[in-house]
Amino acid sequence: MSLISFENVGLRYSTGPEILTDLSFDLQAGSFHFLTGPSGAGKTTLMRLLYLGQKPTRGQIKIMGRDVLALSSRQMTQLRRQIGIVFQDFRLLNHLSAFDNVALPLRATGMNEAKIDKTVKELLDWVGLGQSMHALPKTLSGGEQQRIAIARAIINRPKLLLADEPTGNVDKTIGIKLLRLFDELNRLGTTVVIATHDQSILEKFDRPVLRLENGHVRQSVDLSGLKSSISSVGGKS
Amino acid sequence: MNFPEYKYDLSLEHDGSNRFIVWIIGCLVFIATLSMFSALASQKMISDWQSYAGNHATIEIPFSVEAEDTALKVTEALIPMRAVEEAEIIPNEEISELVMTSLGDNGKDDLNTDSLPLPVLVDITLIDGFDQNDQDLIREKLQSINADASLHMHDDWAGDVLSYGEMLYVGALTLLILMTAMTALTLVWVLMSRVNIHRDEIEILNIVGADDGYIARQFQHFALRRTFVGTVAGVISAGLVMALIDWQLGLSDLLPDFSFGEIIGWLAMPVALCIFIAYVTARLTLRRTLASL
Ligand SMILES: Nc1ncnc2c1ncn2[C@@H]1O[C@H](COP(=O)(O)OP(=O)(O)O)[C@@H](O)[C@H]1O
Ligand SMILES: [Mg+2]
């Protein structure tokens, strides 16, 4: 079953040029994909489409079988609760403790505080931040902040987990550990998409790759290259 | 003022303008509360005047030898009338006394009021809700008895006082409505700018699965909290100012006869009203503003 399907998707920011053009692909439920391409190719933009932070200007996107342009705000919320996202800059709420940041998705669903307390503490222990749960993000290291961001992304047990340049802001060993963690979550059934421009990671983890390729910034995506990279690299796994 | 701890996901408490909002609302409510009591005072003034002047009229029978007889005839003729509840000749002494006061002390020695050509006055009390037709009937009756007798309606001269009172009343009410509207507008403005300021945080909450209702509740809580503090401060200061005026000048005659409980009730009203307005305003504003993001 395809969890994500793009059909002739195009996107432009306001009146600018099309950043994504004629994008068509399917991602199967339970798969693990890297999304790559040079800086400015549109990786972050594509991520935005995936977590419903942006609507396509044309074409059709279906996520978990639902057309994202036809969602009511209620359905949008329901869908978002099944998607976890780790932003490149984490986007933690800096006035909230590590605990409260991770608790956000649960509070939003109206879960009772006792259950939230238990769930969040367990997860913070699991990512190794049990000791720092009352700390404000700014007082923690980049790697620790990222683990808060990851905990926040997975606390709802999402079907789809997205991460934008997760190895960009942490050193290499942590980066590798991180990808093992995503691998683990994928084994448990989560569909994972990781955007990265780091070629060494693609080589180290043999996983299918979506390649956004264009020589120039703000040019259309090389569709044939994309398609072939999905079929060729995807075919191996 | 201490509240049970409320956890905002948005950094609504981390903004220097919070105290400013409380001040604005406090001032608006202060003026609104004073306006409310001014409205009450002018309303009492109007009803006092109306109950005194409204149902009373005086018949004047010019001085003559038969004046007293005429007055008797007039009372007898008026009492059976539908519109007349009571008719009473005002005793001569009362009239002389009135005259004496206006003449001053000197008059007492020089003049004997008995020798003055004073008119005879009849005080009549009319039923509630008498109309122009009743007045005309009384005038006709008077004419038939004595062509010189005249009817003076008190509300002729009370009219000026009443319209003055009404002006005060309308002015106070207008101010009250204006201040209430300003409070609502202030809240709309604060909430709309706050939604803008916290756009990024709202987006994050949306992305992690919070719906508009969840986000709106945080703003609502914030708005209600500020409004409550501002309103209570405004009402308390207005209460203190009135207590001060009462102590210095005496308000007891101006205001209706309130028990302590009633005063508390009236003071609680602006608080309740503002909380209600804040609630409704916040709901409507947020629903629209969040939907437009
Ligand atoms: N919010 C935005 N408004 C306008 N242009 C944008 C916005 N975000 C990204 N872009 C442009 O879109 C292109 C792709 O950016 P992005 O998706 O961030 O690429 P990548 O993540 O692959 O580096 C860039 O040219 C960038 O300048
Ligand atoms: Mg990027």
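What comes next concerns the included structure.

1. What to know about a negative patch on the surface
Residue and element names in this part refer to chain B.
Here is step 1: Taken together, Glu85, Glu86, Glu88, Glu93, Glu94, Glu97 and Asp128 make up a surface patch of like negative charges.
Here is step 2: Mapped by element, the contributors of at least two residues to the negative patch are β2 (84–89) and α3 (92–103).
Here is step 3: Note that Glu94 resides in helix α3.
Here is step 4: Accessibility expressed as a relative area gives 46% for Glu94, which makes it partly exposed.

2. A few points about a nonpolar patch on the surface
Here is step 1: A cluster of nonpolar side chains, contributed by Phe276, Tyr279, Val280 and Leu284 of chain B, occupies part of the molecular surface with about 380 Å² of accessible area.
Here is step 2: Checked against the element boundaries, Leu284 of chain B lands in helix α9 (residues 260–291).

3. Considering the packing of helix α2 (residues 67–78) of chain B against helix α5 (residues 132–145) of chain B
Residues and elements named next belong to chain B.
Here is step 1: One way to put it is that α2 packs onto α5 with a least axis distance of 10 Å and a crossing angle of 145°. Pair α2 / α5 crosses with right-handed handedness. Residues Thr70, Lys73, Val74, Ala77 and Leu78 of α2 form the contact with α5, whose own contacting residues are Ile138, Lys141, Leu142 and Ile145.
Here is step 2: When its residues are assigned to classes, the contact of α2 with α5 shows six nonpolar, one polar and two charged.

4. What to know about the site of ligand 1
Residue and element names in this part refer to chain A.
Here is step 1: Taken together, 13 residues are adjacent to ligand 1, and Gly40, Gly42, Lys43, Thr44 and Thr45 come closest.
Here is step 2: One nitrogen or oxygen atom from the main chain of Gly40 is found 2.7 Å from an oxygen atom belonging to ligand 1.
Here is step 3: Here the shell around ligand 1 gets four residues from one element, more than from any other, and that element is helix α1 (residues 43–50).
Here is step 4: Its residues assigned to classes, the shell around ligand 1 shows five nonpolar, five polar and three charged.

5. A few points about the nonpolar core
Here is step 1: Grouped together as the largest cluster of nonpolar side chains are 45 residues, with contacts concentrated most on Phe37, Ile215 and Phe219 of chain B.
Here is step 2: Among the secondary structure elements, those contributing two or more residues to this core are α3 (98–108) of chain A together with α1 (18–53), α6 (154–197), α7 (199–207), α8 (212–249) and α9 of chain B.
Here is step 3: With 39 residues, the next largest nonpolar core counts Phe99, Val102, Val192 and Val209 of chain A among its residues.

Criteria and cut-off values
- Residues numbered from 1 in each chain as written.
- Chains lettered and ligands numbered in written order.
- Predicted model: local features only at pLDDT ≥ 70, side-chain atom pairs only at ≥ 80, totals over all residues.
- Heavy atoms only, no water.
- Patch = residues over 30% accessible without salt bridge, like charges linked within 9 Å, V, L, I, M, F, W, Y side chains within 5 Å.
- Areas by Shrake-Rupley, 256 points an atom, 1.4 Å probe, with all protein chains shown as cover.
- Salt bridge = Lys/Arg side-chain N within 4 Å of Asp/Glu carboxyl O.
- Lys, Arg positive; Asp, Glu negative; His and termini not counted.
- Charge placed at Lys NZ, Arg CZ, Asp CG, Glu CD.
- Helix = DSSP H or I, 4+ residues; strand = E, 2+ residues; numbered from the N terminus.
- Buried < 20%, exposed > 50% of the residue type's maximum accessible area, 1.4 Å probe, protein only.
- Axes fitted to C-alpha atoms, helices over the stretch in contact; angles between N-to-C directions.
- Left-handed = near helix turned anticlockwise from the far one by under 90°.
- Contact = heavy atoms within 4.5 Å.
- Nonpolar A, V, L, I, M, F, W, Y, C, P; charged D, E, K, R; others polar.
- Near = heavy atom within 4 Å.
- Polar contact = N/O pair within 3.5 Å; in protein donor to acceptor, adjacent residues only side chain to side chain.
- Core = buried A, V, L, I, M, F, W, Y, C linked by side-chain atoms within 4.5 Å.

On their own, these measurements won't tell you what the molecule is for.
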